[in-house]
Amino acid sequence: MTKIGLISDTHGLLDDAVFKYFERCDEIWHAGDFGSVAIVDTLAAFKPFKGVWGNIDGKDVRAVCPEHQRFYCEEVDVWMTHIGGYPGRYAVQVKPEIVLHPPKLFICGHSHILKVQFDPKLSLLHLNPGAAGKQGWHKVRTLMRFDINGDKIENLEVIELGVR
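Residues numbered from 1 in each chain as written. Predicted model: local features only at pLDDT ≥ 70, side-chain atom pairs only at ≥ 80, totals over all residues. Heavy atoms only, no water.

Named according to an unreviewed UniProt entry, the chain is Metallophosphoesterase originating from Sphingobacterium corticibacterium. The annotation that UniProt attaches to the chain under Sequence similarities (unreviewed entry) is "Belongs to the metallophosphoesterase superfamily. YfcE family." (UniProt positions renumbered as here; feature names shortened; annotations may be inferred.)

A. Main features of the sheet that holds strand 10 (residues 124-129). Strand order in the open sheet formed by five strands is 4-5-8-10-9, and the pairing between neighbours is mixed. Edge positions in the open sheet fall to strand 4 (68-73) and strand 9 (114-119), since each of these has one partner strand only. Averaged over all adjacent pairs, the angle separating strand axes in this sheet is 15 degrees, with direction ignored. (Pairing = 2+ DSSP bridges. Helix = DSSP H or I, 4+ residues; strand = E, 2+ residues; numbered from the N terminus. Axes fitted to C-alpha atoms, helices over the stretch in contact; angles between N-to-C directions.)

B. Representation of the pattern of salt bridges within the structure. Taken as a whole and judged by the stated rule, the model has seven salt bridges. The partner of Lys3 in a salt bridge is Asp147, with the nearest N and O atoms 3.5 Å apart. Of the two residues, Lys3 is situated in strand 1 (residues 2-7) and Asp147 in strand 11 (residues 140-149); the sequence distance between them amounts to 144 residues. By relative accessible area, Asp147 is classed as buried at 7%. Of the charged contacts, one joins Arg145 and Glu157 as a salt bridge, the two residues approaching to 3.0 Å between their closest N and O atoms. (Salt bridge = Lys/Arg side-chain N within 4 Å of Asp/Glu carboxyl O. Buried < 20%, exposed > 50% of the residue type's maximum accessible area, 1.4 Å probe, protein only.)

C. Structural detail: the sheet that holds strand 1. Sheet architecture is open: five strands sit in the order 3-2-1-11-12, paired in mixed fashion. Lying at the two open borders of the sheet, with one neighbouring strand each, are strand 3 (49-51) and strand 12 (152-163). Pairs of neighbouring strands in the sheet enclose a mean axial angle of 20 degrees, with direction left out of account.

D. Up close: the side chain of Asp15. Here Asp15 is to be found in the loop between strand 1 and helix 1 (17-21). A relative accessible area of 19% means that Asp15 is categorised as buried. A distance of 2.8 Å separates a polar atom in the side chain of Asp15 from the backbone nitrogen of Ala17. One polar contact links Asp15 to Arg141, side chain to side chain, over a distance of 2.9 Å. When residues no more than four places from it in sequence are discounted, the contact partners of Asp15 are Arg141 and Leu161. (Polar contact = N/O pair within 3.5 Å; in protein donor to acceptor, adjacent residues only side chain to side chain. Contact = heavy atoms within 4.5 Å.)

E. The arrangement of unusual backbone geometry in detail. For Asp33, which is not a glycine, the phi torsion comes out positive at approximately 60 degrees. Looking at where Asp33 falls in the secondary structure, it is placed in the loop between strand 2 (27-30) and helix 2 (37-46). Not every positive phi belongs to a glycine, and His112 is a case in point at roughly 65 degrees. Note that His112 resides in the loop between strand 8 (105-107) and strand 9.

F. Representation of the packing of aromatic side chains. Tallied over the full model, the rule gives six aromatic pairs. Between Trp29 and Phe71, the ring centres sit 5.0 Å apart and the planes meet at 85 degrees, which makes this aromatic pair edge-to-face. Here Trp29, found in strand 2, pairs with Phe71, found in strand 4; they are 42 residues apart in sequence, far enough to count as distant. As far as burial versus exposure is concerned, Trp29 and Phe71 are alike and both buried. Taken together, the ring pairs in this structure connect Trp29, Phe71 and Phe146 into an aromatic cluster. (Phe/Tyr/Trp six-rings, centres within 6.5 Å; stacked < 30°, edge-to-face > 60°.)

Written as structure tokens, this is what we have:
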């Protein structure tokens, strides 16, 4: 079993509480809009790390994080990107690939909207952890934890960090 901490849209703010909530995680995944390469470095120094750049991220972040990451965690095919849309409204840049080769788990950020949605048409789970930073229109800062156990995604938790 692999315990995952999922975060997005930090926009330059990495709350100290993230380290407490992700202490027992095996890996941390960030779905873009870091706001600074220092956040990439800090998370990568804390735990094994995967991240994708977001639309606000500069060349420094883009040099160390790809736009898309497609990988397996245990037996789960994962695709993480910053701007991906959601079931029924996938972004134009991912739609052809997601329809032809859907992952089991599709993760994105960008919207600042916390979302857990199953796409029955493509048999995939879509996750957006909302936004952990203070910039944006969201009211509550959020992140997620979950387990990948073989081919199963289990024990999903939404964590509130407080008001923006």
